[in-house]
Amino acid sequence: MSDSVLRTSANLKSPEFEKNVRRIIDLLTKIKNEEEQIRQGGGAKAVESQHKKGRLTARARIAKLIDTGSQFFELGIYAAFEMYQEWGGAPCAGTITGLARVCGRTFMLIANDATVKAGAFFPMTAKKVIRAQNIAIENRIPTIYLVDSAGVFLPLQEDVFPDTDDFGRVFRNNAVMSAMGIPQITAIMGMCVAGGAYLPVMCDHILMTEGSGLFLAGPALVQAAIGQKTSAEDLGGAKMHAQISGTVDFREPDDDACIARIRALVDKIGTPNASPFSHVKSRDPLYSSEEIYGIFSSDPSKQYDMREIIARVVDASEFEEYRAEYGETLLCGYARIGGWAVGIVANQKKHVQTLARGSDQKRIEFGGVIYTESAEKAARFILDCNQNRIPLVFLHDVNGFMVGKDAEWSGIIRAGAKMVNAVANSVVPKITVICGGSFGAGNYAMCGKAYDPRFMFAWPTARFAVMSGDAAASTLAEIKLKQLEREGKKVDEIQKKELYESVRATYEHQSDPRYAAARLWVDAVIDPAHTRVALIWALEVAALNPEIREFKTGVLQT
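In this text, all values refer to a predicted model and were calculated from it rather than measured experimentally.

(A) The overall build of the protein chain, seen in detail. A tally of helices and strands in the protein chain yields 20 helices and 20 strands. What you see for the protein chain is a C-alpha radius of gyration of 26 Å, in line with the 24 Å of a compact globule of 558 residues. The principal-axis extent of the C-alpha atoms belonging to the protein chain is close to 85 × 70 × 50 Å. Burial status across the protein chain gives 53% buried among its 558 residues. Sequence-distant contacts in the protein chain: of pairs separated by 6 or more residues, those separated by 24 or more amount to 74%. About 24,900 Å² of surface is accessible on the protein chain, with carbon and sulfur atoms providing 52% of the total. With 65 positive and 66 negative side-chain charges, the protein chain shows a separation of 1 Å between the mean positions of the two kinds.

Laid out in structure tokens, this is it:
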């Protein structure tokens, strides 16, 4: 084997390996159970009500629409998780989004779930639809909307209606996508009322099933507003819009016929422009992806070799490591994933013995910490990837940048700024996976949410916040204790411990990946063994956008 091939030294029989496996399996079991509960939508009664109307559920529609035997790569399933409890919750934010293949072509699917409050838009519903549209815009993904919505959830209208990431942005994005030449097909398969009625009319093709409704105001509101009495069918039924208003392109008798028509239309759409990124035939890694469970350790005090993770993600376990002996707490290198060429920037969690900068004194660099040398190496590597049109993949397990006198004297702030600059101005697709910790400025330098990754995934073991839970709890508890002391209150050791644990529990909850996914800070919480699959989906859709703007960094603090 060549030096490019990553060799494994993982002990698959060790107690530590087995302990790590059990921990991740437990987390995955919990997440899979929660996801299955979320997929129930509004529950059995709501599903039955949908069926009585002669309509399929949103998930059943998607299953019939996508190619037989293909997978639906769902995004945002945790949206609104544990939110809106005072209104009975909003599983999946009442909307299903994700990537799928229809007639062999990749589409973004956006489907209202009418079993959740009649498909009404909660604040997170609008944000979820907008996130899906933004992904489609960035990657030029053709989009299919399956509309079945009562419109804005009125009790929360102030948080749905007015802002740049609220309801109106959906229709603005429809117009922008159309102008960009991104195909959009809408099927009205239930209610489509009020402002939401603009969505289908701003798309390329409009389909509508019998029994559905499309109107700016329903019969009750029309009567209240202008005193006119009319039936829903006469006001905005499929027959009226097909024969009189001329608004819909295809009138279909039911969901099955409508889905068949969508597939027929998709079959005629022209092919996209060629991708600018290198792609060859895919090759499987040499090692099982499920071995990641035992290799990875979420214990901050434990070490592991990130190369072992990379070896189970990249094609043929081949990794051309860049400056392997310099700045060793960050791994940079070239590989292929699913045949697509990528540049990988990954935090190394093994401690490294090296020489202090500018001397022959040995020192230990801690795994998961970004030092001056590693930041400089990563910045240069990111520049190279932009120069050569190579998409970037970031694998996070980072505590942050090194602190202290030696670090400051070495110019850690300048080096960190250089790396952040390179990430911020990068023009090739960026895809982020948070494996373990992602804290402080380390999150920014490793292409956190604020740095526009095309996709952002998290493992169940992910934690991201300003600092770790222990550090935050100690800091916040100390502040609270001093406040109590100033008020003349005495706190004994038991109370101190209770305060610490209370603060820590809150902080840990807020740094959980499901908390982030509920707010769409990550697109999906993924099984570590499915990391390669998720990255292939992301790389394939990123390749749909042939445009790469000119790469400029501005002033670099050299």
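(B) Summary view of helix 3 (residues 58–65). For helix 3, every residue scored as buried is listed here: Ala 58, Arg 61, Ile 62 and Leu 65. The buried side chains of helix 3 occupy one side of the element, clustering within an arc of 100° when seen end-on. Close packing links the buried residues of helix 3 with helix 2 (44–52), strand 2 (95–102), strand 3 (105–112), strand 4 (143–149), strand 5 (184–193) and helix 10 (255–266).

(C) Summary view of unusual backbone geometry. In the Ramachandran plot, Tyr 84 falls in the positive-phi region, its phi being about 55° despite a non-glycine side chain. Its location among the elements puts Tyr 84 in the loop between strand 1 (73–75) and strand 2. For Tyr 84, a relative accessible area of 12% corresponds to the buried category. Positive phi is not limited to glycine here, since Ser 317 has a value of about 55°. Structurally, Ser 317 is set in the loop between helix 12 (306–310) and strand 9 (320–321). Relative accessible area serves as the criterion here: at 0%, Ser 317 is assigned to the buried category.

(D) Looking closely at the side chain of His 241. By secondary structure assignment, the location of His 241 is in helix 9 (residues 238–243). Side-chain polar atoms of His 241 contact the side chain of Ser 245, separated by 2.7 Å. For His 241, the residues in contact, after removing those within four places along its chain, are Met 208, Leu 214, Gly 236, Gly 246, Thr 247 and Val 248.

(E) Molecular detail of helix 13 (residues 372–387). In a regular helix each residue adds 1.5 Å, so 16 residues correspond to 22 Å; helix 13 covers 23 Å between its end C-alpha atoms and thus fits that length. In the stretch just after helix 13, Arg 389 is the one whose phi turns positive, near 55°.

(F) Inspection of the pairing of strand 3 at higher detail. The buried fraction of strand 3 amounts to 8 of the 8 residues, a majority that puts the element mostly inside the structure. What sits between the antiparallel neighbours strand 2 and strand 3 is a turn of 2 residues, in which Cys 103 has the positive phi angle 55°. With 4 bridges connecting them, strand 3 and strand 4 associate as parallel partners. Across the sheet, the residue bridging to Ala 111 is Leu 146, located in strand 4. Each parallel crossover has a hand, and for strand 3 linked through helix 4 (residues 123–139) to strand 4 it is right-handed.

(G) Expanded view of the packing of aromatic side chains. Applying the stated criterion across every chain, the model contains 15 aromatic pairs. Both rings, one in Tyr 322 and one in Phe 381, keep their centres 5.2 Å apart while their planes meet at 50°; by these two values the pair is tilted. Taken together, the residues span a long stretch of sequence, with Tyr 322 in the loop between strand 9 and strand 10 (330–337) and Phe 381 in helix 13 at a distance of 59 residues. Assessed through its relative accessible area of 13%, Tyr 322 is described here as buried. Taking the relative accessible area as the measure of exposure, Phe 381 reaches 0% and is therefore buried. These aromatic residues form a ring-pair network of at least three members: Phe 73, Phe 455, Phe 457 and Trp 537. The cationic tip of Lys 405 hangs over the ring face of Trp 409; the distance from NZ or CZ to the ring centre is 5.1 Å.

(H) Highlighting a nonpolar patch on the surface. Together, Tyr 198, Met 202 and Leu 216 make up an exposed nonpolar region whose accessible area comes to about 290 Å². Among the secondary structure elements, Tyr 198 is positioned in helix 6 (residues 198–201). Among the residues examined, Tyr 198 registers a relative accessible area of 44% and is labelled partly exposed.

(I) Broad picture of the nonpolar core. Judged by nonpolar contacts, the single largest core of 77 residues is most densely connected at Leu 99, Ile 310, Ile 337, Ile 344, Leu 395, Phe 455 and Phe 457. Sequence-distant contacts of Phe 455, defined by excluding residues within four places in its chain, comprise Leu 75, Leu 99, Arg 131, Ile 135, Asn 139, Lys 430, Ile 431, Thr 432, Asp 523, Ala 538 and Val 541. Of all hydrophobic cores here, the second largest spans 51 residues; its members include Ala 93, Met 189, Cys 258 and Phe 464.

(J) Spatial organisation of the pattern of salt bridges. Throughout the structure, instances matching the rule amount to 30 salt bridges. Across the salt bridge formed by Asp 523 and Arg 131, the nearest N and O atoms sit 2.8 Å from each other. Here the residue Asp 523 occupies a position in the loop between helix 19 (513–518) and strand 20 (524–525), and Arg 131 occupies one in helix 4, the gap between them amounting to 392 residues. Looking at Asp 523, the relative accessible area reads 4%, which means it is buried. The exposure class of Arg 131 is buried, given its relative accessible area of 15%. A salt bridge links Asp 512 to Arg 514; the nearest nitrogen and oxygen atoms lie 3.0 Å apart. Judged by relative accessible area, which is 10%, Asp 512 ranks as buried. What you see here is one network of salt bridges that share partners, running through Glu 34, Arg 463, Glu 508, Asp 512 and Arg 514.

(K) Summary view of the side chain of Glu 308. Within the element layout of this structure, Glu 308 appears in helix 12. Not counting residues up to four positions away in its chain, the partners in contact with Glu 308 are Arg 7, Thr 8, Ser 9, Ala 10 and Ile 295.

Reading guide: rules and limits
Each residue is numbered by its place in its chain's sequence as written, counting from 1. Local features in this predicted model are restricted to residues whose pLDDT is 70 or higher, and side-chain atom pairs enter the listing and the counts only when it is 80 or higher, whereas totals over whole chains, interfaces and linings include all residues. In computing side-chain properties, one takes all heavy atoms of the structure into account and sets aside hydrogens as well as water. Only DSSP runs of H or I with at least four residues qualify as helices, and only runs of E with at least two residues qualify as strands; both kinds are numbered from the N terminus onward. Our radius of gyration is a C-alpha quantity, and the globule rule it is checked against amounts to 2.2 Å times the number of residues to the power 0.38. Remark: exposure states derive from per-residue accessible area (1.4 Å probe, protein chains only) relative to the maximum for the residue type, with buried under 20%, exposed over 50%, and partly exposed in between. In what follows, residue pairs with any heavy atoms lying within 4.5 Å of each other are defined as contacts. Calculation of accessible area relied on Shrake-Rupley with a 1.4 Å probe; when residues are assessed, cover is drawn exclusively from the protein chains displayed. Charge convention: Lys and Arg are scored as positive, Asp and Glu as negative, and His as well as the terminal groups of each chain are ignored. Each charge is placed at NZ for Lys, CZ for Arg, CG for Asp and CD for Glu. In this description, one arc is meant: the one made by directions from the helix axis to the C-beta atoms. Whenever a nitrogen or oxygen atom comes within 3.5 Å of another N or O atom, the pair is scored as a polar contact, on the condition that within protein one atom can donate a hydrogen and the other can accept it, and that pairs from neighbouring residues in sequence are kept only if both atoms are in side chains. To estimate how far a helix should extend, the number of its residues minus one is multiplied by 1.5 Å. In short, DSSP must find at least two bridges between two strands for them to pair. We call a crossover right-handed when, viewed with the strands running away from us, the connection from the first strand over the helix to the second turns clockwise. When the centres of two rings from Phe, Tyr and Trp lie within 6.5 Å, Trp using its six-membered ring, the rings pair. Their planes under 30 degrees apart give stacked, over 60 give edge-to-face, and anything left gives tilted. Cation placement over rings: the criterion is NZ of Lys or CZ of Arg within 6 Å of the ring centroid and within 35° of the ring normal. Patch membership needs two things, relative accessible area over 30% and no salt bridge, and members are linked within 9 Å if like-charged or within 5 Å if nonpolar (Val, Leu, Ile, Met, Phe, Trp, Tyr). Salt bridges are counted wherever a side-chain nitrogen of Lys or Arg sits within 4 Å of a carboxyl oxygen of Asp or Glu. To define a nonpolar core, start from buried Ala, Val, Leu, Ile, Met, Phe, Trp, Tyr and Cys residues and group those joined through side-chain atoms within 4.5 Å.

These figures come from the coordinates and say nothing about function on their own.
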